[in-house]
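Breakdown of the fold
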Amino acid sequence: MNIQVTKSPIGLDGIPAAETVLSHVDGERGELIVAGEHVRVLASTSSFEGVTARLWNAATGSSLSEANVRAKLGAARERAFARLPELLPATRGMSIVDGFRAAVAGLRAENGLEHEATIVGAFPVIAGALVQWAKGHDPLAPDPNVSHAADTLTMLLNRKPEPREVAALDAYLVTVCDHGMNASTFATRVVASTQADLFAAVTAGYCALTGPLHGGAPEPVLEMLDAIGTRERIRPWVDAALARGERLMGFGHRVYRVRDPRADVLKDAIERLAAEGADLPFAGEVEAYIREALRRKNPTRPLETNVEFFTAILLDALSIPRQAFTPIFAVARSAGWTAHAREQQRTGRLIRPSSSYVGPMPKV
Ligand code: ACO
């Protein structure tokens with residue numbers, strides 16, 4: 001993938017757009033705190049349902065337990081499955097990434113049930129159905145009695161996953177559930193600030209996520225690893241790409257000036273998974289050389305590995321098709337988006353920034 005970005009001083013860098021109790025990114029120290037706890041701690045101690053409870057409680061003052069959220073999401077997955085005949089026709093002929101957008105846009109309120117559970121529960125059901133459809137199979141019904149991670153994997157893979165696979169996906173879902181005022185969360189909050197409902201807000205968030213400068217990078221990361229192919233080709237391939245002015249996917253971050261802490265959490269999860277297909281030593285060599293080459297090219301701008309590099313390797317090792325990586329990111333991030341939308345709605349304040357007009361002025 002060849003992306004060249006026009007540089008502009010405009011981009012709201014470092015400007016607070018909201019006060020939040022949901023997550024904090026410290027770009028200088030390489031730290032991410034989610035609702036009062038370090039992400040590295042959460043990834044080894046909490047399930048996705050646990051961290052979702054933390055986020056929803058922090059946003060609304062509720063006191064949901066992990067078990068409450070697990071029950072709500074299980075029921076919501078079943079409701080979403082029942083609605084697939086309405087949601088899927090709009091996705092016909094689309095890629096998985098675009099079809100997911102169309103189906104998510106079709107979600108709506110259900111009989112006074114909480115919107116956040118309806119949304120977070122629906123996401124893996126839609127993703128699983130699109131993956132199965134792409135293979136010519138029928139969608140697999142969810143099981144409300146297993147964890148969100150286990151059910152997500154079952155619906156994606158069309159088989160019962162191993163406990164180590166479930167643990168790896170759960171660690172991923174926890175690790176990327178929220179991340180400060182990133183582009184998709186900002187988009188979600190802008191829509192929520194108009195008092196539009198959560199369905200509209202998360203649809204906007206997903207649209208923002210699909211771009212390769214944000215959540216669309218993991219698929220290109222695998223394409224890059226495929227294109228490099230062998231150890232001997234790492235140096236010439238990377239040097240040539242940088243000489244052409246290309247951005248290397250999975251590196252650099254608007255906020256982090258040191259290594260993205262989520263990259264290490266995911267690397268640990270991949271090592272624990274130790275699945276066939278994850279050639280971690282090769283990926284590690286590619287990573288090490290890209291970091292070295294980026295330091296050489298931009299000595300004054302620290303460009304380190306971001307979360308997307310190891311996301312690609314982890315999801316690939318779990319045999320999730322690469323075309324579904326962005327929807328899977330959304331499965332995790334829906335926890336953060338719904339919490340941010342609620343938090344924003346409660347402020348009652350419309351987000352309405354200004355722009356610098358640089359066009360021509362009328363003569364008189
Ligand atoms: N590869 C090569 N050069 C890079 C990269 C990269 N991945 N990232 C930044 N640079 C270079 C820029 O070309 C620029 O160089 P210059 O000063 O010689 O023109 C310099 O570093 C500074 O770049 P900025 O544009 O200021 O960086 P910005 O904060 O806008 O970029 C971004 C952040 C978009 C993530 C960028 O690093 C990038 O495009 N990375 C690749 C895509 C990617 O990995 N996306 C996932 C991000 S993580 C997430 O959203 C979940």
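About the criteria used
- Residues numbered from 1 in each chain as written.
- Predicted model: local features only at pLDDT ≥ 70, side-chain atom pairs only at ≥ 80, totals over all residues.
- Heavy atoms only, no water.
- Near = heavy atom within 4 Å.
- Polar contact = N/O pair within 3.5 Å; in protein donor to acceptor, adjacent residues only side chain to side chain.
- Areas by Shrake-Rupley, 256 points an atom, 1.4 Å probe, with all protein chains shown as cover.
- 1 Å grid on protein atoms, 1.4 Å probe; cavity = no way out; pocket = protein on both sides within 12 Å on 5 of 7 lines; lining within 4 Å.
- Points joined across faces, edges and corners; volume = space filled by probe spheres on them.
- Nonpolar A, V, L, I, M, F, W, Y, C, P; charged D, E, K, R; others polar.
- Domains from an automatic or database assignment.
- Contact = heavy atoms within 4.5 Å.
- Buried area = accessible area lost by both parts, 1.4 Å probe.
- Salt bridge = Lys/Arg side-chain N within 4 Å of Asp/Glu carboxyl O.
- Helix = DSSP H or I, 4+ residues; strand = E, 2+ residues; numbered from the N terminus.
- Axes fitted to C-alpha atoms, helices over the stretch in contact; angles between N-to-C directions.
- Parallel < 35°, antiparallel > 145°, perpendicular 65-115°, else oblique.
- Left-handed = near helix turned anticlockwise from the far one by under 90°.
- Buried < 20%, exposed > 50% of the residue type's maximum accessible area, 1.4 Å probe, protein only.
- Pairing = 2+ DSSP bridges.

A few points about the site of the ligand
Around the ligand there are 23 residues in total, and Leu248, Gly250, Phe251, Arg254 and Asn306 lie nearest to it. At 3.3 Å, a backbone N or O of proline 212 approaches a nitrogen atom of the ligand. Within the complex, the protein chains bury 82% of what would otherwise be the 930 Å² of accessible surface of the ligand.

Section: empty space enclosed by the protein
Applying the stated criterion across every chain, the model contains 1 cavity of 30 Å³ or more. The space that makes up the largest cavity amounts to roughly 30 Å³. If you trace the largest cavity, you find it lined by Gly252, His253, Tyr256, Val258, Asp260, Glu304, Thr305 and Asn306. Here the residues of the lining of the largest cavity sort into 2 nonpolar, 4 polar and 2 charged.

Notes on the domain arrangement of the chain
Taken domain by domain, the chain comprises domain 1 (23-212 + 323-347) and domain 2 (218-317). Between the C-alpha centres of domain 1 and domain 2 there is a distance of 25 Å. Listed per partner, the contact involves 26 residues of domain 1 and 26 residues of domain 2. With both chains or domains summed, domain 1 and domain 2 bury close to 1900 Å², and 74% of this area falls on carbon and sulfur atoms. Among the residues domain 1 hides against domain 2, the three largest losses belong to Arg164, Tyr172 and Phe325. Together they make up 30% of the total. The interface formed by domain 1 and domain 2 contains 0 salt bridges. Inspection of the region where domain 1 meets domain 2 yields 3 residue pairs in polar contact (both at pLDDT 80 or more). Elements with a contribution of two residues or more to the side of domain 1 that touches domain 2: strand 1 (23-26), strand 2 (31-34), helix 1 (39-45), helix 7 (163-175) and helix 15 (325-347). For the side of domain 1 that touches domain 2, the leading source of residues is helix 7, giving 7 residues. Taken together, the residues of the side of domain 1 that touches domain 2 break down into 13 nonpolar, 5 polar and 8 charged.

Overview of the environment of leucine 12
Looking at the secondary structure, you find leucine 12 in the segment before strand 1. In this structure the C-alpha to C-alpha distance between leucine 12 and threonine 91, which are 79 residues apart in sequence, comes to 34 Å.

Points about the packing of helix 5 (residues 115-134) against helix 9 (residues 198-209)
Closest axis-to-axis distance for the helix 5/helix 9 pair is 10 Å, and the angle between their directions is 40 degrees. With respect to helix 9, the element helix 5 is oriented oblique. Judged by the sense of rotation from one axis to the other, the crossing of helix 5 with helix 9 is right-handed. Within the contact between the two elements, helix 5 uses His115, Glu116, Thr118, Ile119 and Phe123 and helix 9 uses Leu198, Phe199 and Val202. Partitioned by chemical class, the residues of the contact of helix 5 with helix 9 number 5 nonpolar, 2 polar and 1 charged.

Topic: the side chain of serine 193
Of note, serine 193 is situated in helix 8 (residues 183-193). Taking the relative accessible area as the measure of exposure, serine 193 reaches 4% and is therefore buried. At 2.9 Å, the side chain of serine 193 and the backbone nitrogen of isoleucine 351 are in polar contact. Filtering out sequence-adjacent residues up to four positions away, serine 193 remains in contact with Gln344, Arg349, Leu350 and Ile351.

Observations concerning the pairing of strand 1
Relative to strand 2, strand 1 is paired through 4 bridges, and the arrangement is antiparallel. Note that in strand 2 the partner of aspartate 26 across the bridge is glutamate 31. Here strand 1 folds back onto strand 2 in antiparallel fashion, the turn holding 4 residues, of which glycine 30 has a positive phi close to 70 degrees.

Topic: the pairing of strand 2
Sheet faces and side chains relate simply in a regular strand, where the side chains alternate between the two faces. Sheet topology note: the strand 2/strand 3 (residues 37-38) ladder contains 2 bridges and is antiparallel. Across the sheet, valine 34 pairs through a bridge with glutamate 37, a residue of strand 3. Counting the residues between successive antiparallel strands, the hairpin from strand 2 to strand 3 contains 2 residues, one of them, alanine 35, with a positive phi of roughly 45 degrees.

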